[in-house]
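Read off the chains here:
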Amino acid sequence: MSETTHERATPGPSGPGESHLTPAELAARHGLTVSGARPPLTEYVRQLWGRRHFILAFSRAKLSSQYSQAKLGQLWQVFTPLLNAFVYFLIFGLLLGGRGGMEMDEYIPFLVIGVFVFTFTQQSVMSGVKAISGNLGLVRALHFPRASLPLSFSLQQLQQLLYSMIIVVIVLLAFGYHPTWTWPLIVPILLLQFVFNSGLAMIFARLGSHTPDLAQLMPFVLRTWMYASGVMFPLQYMVSRNVPGPDWIADVLMANPAAVYMELMRFALIDGPHHQSLAPHFWFLSVGWALLFGIGGFVYFWKAEERYGRG
């Protein structure tokens, strides 16, 4: 039976007492089901867990092949965000005075952490948009939980960020920051961000599967999100200086998930005058965003399971 159609298998000759049954009743009697039908949510989770080795292997393969044609190979995993950080440093750190009172030895780690952490979310979304539409051959050829694809791409971006964290640590040490009791906090922070990114990737995987042009629009959306999240400058400082209006505007911007995960990571790693403390509500926001998008994105993606790869 084809796994990419909704056709039912043709039953054999009817047995005694079956001639009066409808095709649906006959299929139910012999245990036949619709090919590619969406399984119950709990069964879908069980199937995903059964494909965990495929998800991990697929993410590793994608990571290895990403820069296979470049002479520097996998080094571009860290060179690309590092070069972006250098450009932002020239523009916002030197030309536009966007340091918000921070000295260079605090601003540069602030900037590098922001770029690397936001890139994690940015690339998860971009790969999620193309997770189904860019792998139609695989989707149509094999039967597996389609959520495996956006999860694999989010896992790929997590592995890439872990490599990049080596550069972050080198930058921190170069500017006189040494491990403190807050450094282990990066583990729960990354886990929460990974759950958030995975949910967001699944949302955009479903949207991108039916609207391929979304991949052309997303760079502009993500760039706007980057500027509204304080990747290159202290958000509250820049808003209060350049945006007329009440103070709650900066508070709302600081509550967006990208800003939340960046601020948590900066607090954990930077022991500078501007990062001595962090309001407790950032932790509640980080858990809330992870649960909201992680669970909500998974359910949203699952509801369209039988439609991926059709048409």
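Calculation criteria
Residues numbered from 1 in each chain as written. Predicted model: local features only at pLDDT ≥ 70, side-chain atom pairs only at ≥ 80, totals over all residues. Heavy atoms only, no water. Salt bridge = Lys/Arg side-chain N within 4 Å of Asp/Glu carboxyl O. Helix = DSSP H or I, 4+ residues; strand = E, 2+ residues; numbered from the N terminus. Buried < 20%, exposed > 50% of the residue type's maximum accessible area, 1.4 Å probe, protein only. pLDDT = per-residue confidence, 0-100. Patch = residues over 30% accessible without salt bridge, like charges linked within 9 Å, V, L, I, M, F, W, Y side chains within 5 Å. Areas by Shrake-Rupley, 256 points an atom, 1.4 Å probe, with all protein chains shown as cover. Phe/Tyr/Trp six-rings, centres within 6.5 Å; stacked < 30°, edge-to-face > 60°. Axes fitted to C-alpha atoms, helices over the stretch in contact; angles between N-to-C directions. Left-handed = near helix turned anticlockwise from the far one by under 90°. Contact = heavy atoms within 4.5 Å. Core = buried A, V, L, I, M, F, W, Y, C linked by side-chain atoms within 4.5 Å. Parallel < 35°, antiparallel > 145°, perpendicular 65-115°, else oblique. Nonpolar A, V, L, I, M, F, W, Y, C, P; charged D, E, K, R; others polar. Expected span 1.5 Å × (residues − 1). Bend = angle between axes of the 7 residues up to and from the residue.

### A word on the pattern of salt bridges
Right, on to step 1. Per the stated rule, a full pass over the model turns up two salt bridges.
Right, on to step 2. Between Arg-46 and Glu-43 there is a salt bridge, and its shortest N-O distance comes to 2.5 Å. A residue pair is termed a helical-turn pair when its members lie 3 or 4 positions apart in one helix, as Arg-46 and Glu-43 do in helix α2 (residues 41–50) at three residues.
Right, on to step 3. Judged by relative accessible area, Arg-46 falls into the exposed class, the value being 52%.

### Let's talk about the confidence of the model for the protein chain
Right, on to step 1. Of the residues in the protein chain, 82% have a pLDDT of 70 or more, and the chain-wide mean is 81.
Right, on to step 2. Per-element mean pLDDT across the protein chain ranges from 61 in helix α1 (residues 23–29) up to 94 in helix α13 (residues 281–302).

### Digging into the environment of Thr-119
Right, on to step 1. By the element assignment, Thr-119 lies in helix α5 (residues 104–129).
Right, on to step 2. By relative accessible area, which is 17% here, Thr-119 ends up buried.
Right, on to step 3. On a C-alpha basis, the gap between Thr-119 and Gln-160 in space is 10.0 Å, while along the polypeptide they are 41 residues apart.

### Quick word on a nonpolar patch on the surface
Right, on to step 1. A cluster of nonpolar side chains, contributed by Phe-86, Val-87, Leu-90, Ile-91, Leu-94, Leu-95 and Leu-96, occupies part of the molecular surface with about 650 Å² of accessible area.
Right, on to step 2. Mapped onto the elements, Phe-86 comes out in helix α4 (residues 76–95).
Right, on to step 3. Residue Phe-86 is classed as partly exposed on the basis of its relative accessible area of 48%.

### Examining the packing of aromatic side chains
Given two aromatic rings, their pairing is described by the distance between the two centres and the angle made by the two planes.
Right, on to step 1. A full pass over the atoms with the stated rule returns 11 aromatic pairs.
Right, on to step 2. Seen in terms of ring centroids, Tyr-107 and Phe-110 are 6.0 Å apart; in terms of plane orientation they differ by 25°. Their pairing is stacked. Highlighted residues: Tyr-107 and Phe-110, both in helix α5, separated by three residues, approximately one helical turn.
Right, on to step 3. Residue classification places Phe-110 among the buried positions, given a relative accessible area of 3%.

### Concerning the packing of helix α8 (residues 186–210) against helix α9 (residues 214–227)
Right, on to step 1. At their nearest, the axes of α8 and α9 sit 11 Å apart, and the two run at 145° to each other. For the crossing formed where α8 meets α9, the hand is right-handed. Contacts between α8 and α9 pair Phe-196, Leu-200, Phe-204, Leu-207 and Gly-208 from the former with Leu-214, Met-218 and Trp-225 from the latter.

### Things to note about the nonpolar core
Right, on to step 1. By size, the foremost hydrophobic cluster in this structure holds 81 residues, and its most contacted members are Leu-111, Val-168, Met-218, Met-232, Met-265, Leu-269 and Phe-301.
Right, on to step 2. At 14 residues, the largest contribution of residues to this core is made by α5.
Right, on to step 3. With residues up to four places along the chain from it excluded, the contact list for Met-218 reads Val-125, Met-126, Val-129 and Phe-204.

### Some points on the side chain of Glu-263
Right, on to step 1. Residue position: Glu-263 is located in helix α12 (residues 257–269).
Right, on to step 2. Given a relative accessible area of 15%, Glu-263 falls into the buried group.
Right, on to step 3. Dropping the residues within four chain positions of it, Glu-263 is found in contact with Phe-110, Met-254, Leu-278 and Phe-282.

### As for the packing of α12 against α13
Right, on to step 1. Between α12 and α13, whose axes approach to 9 Å, the crossing angle comes to 130°. Put simply, α12 runs oblique to α13. Taken as a pair, α12 and α13 cross one another with a handedness that is left-handed. Between α12, through Pro-257, Val-260, Tyr-261, Glu-263 and Leu-264, and α13, the contact on the second element is made entirely by Phe-282, Trp-283, Leu-285, Ser-286, Trp-289 and Ala-290.
Right, on to step 2. In terms of residue class, the contact of α12 with α13 is made up of nine nonpolar, one polar and one charged.

### Considerations on helix α7 (residues 148–174)
Right, on to step 1. Between its first and last C-alpha atoms α7 spans 39 Å; for 27 residues at 1.5 Å apiece the expected length is 39 Å, and the two agree.
Right, on to step 2. Roughly 25° is the biggest bend found in α7, and it falls at Tyr-163.
Right, on to step 3. The element α7 is largely enclosed, with a buried count of 20 among its 27 residues.
Right, on to step 4. Looking at the residues trailing α7, positive phi occurs at Gly-176, about 85°.

### Here's the deal with the environment of Leu-111
Right, on to step 1. Among the structural elements, Leu-111 can be located in helix α5.
Right, on to step 2. A relative accessible area of 2% means that Leu-111 is categorised as buried.
Right, on to step 3. When the C-alpha positions of Leu-111 and Ala-85 are compared, they lie 6.5 Å apart, and in sequence the two are 26 residues distant.
Right, on to step 4. Filtering out sequence-adjacent residues up to four positions away, Leu-111 remains in contact with Ala-85, Tyr-88, Phe-89, Val-231 and Met-232.

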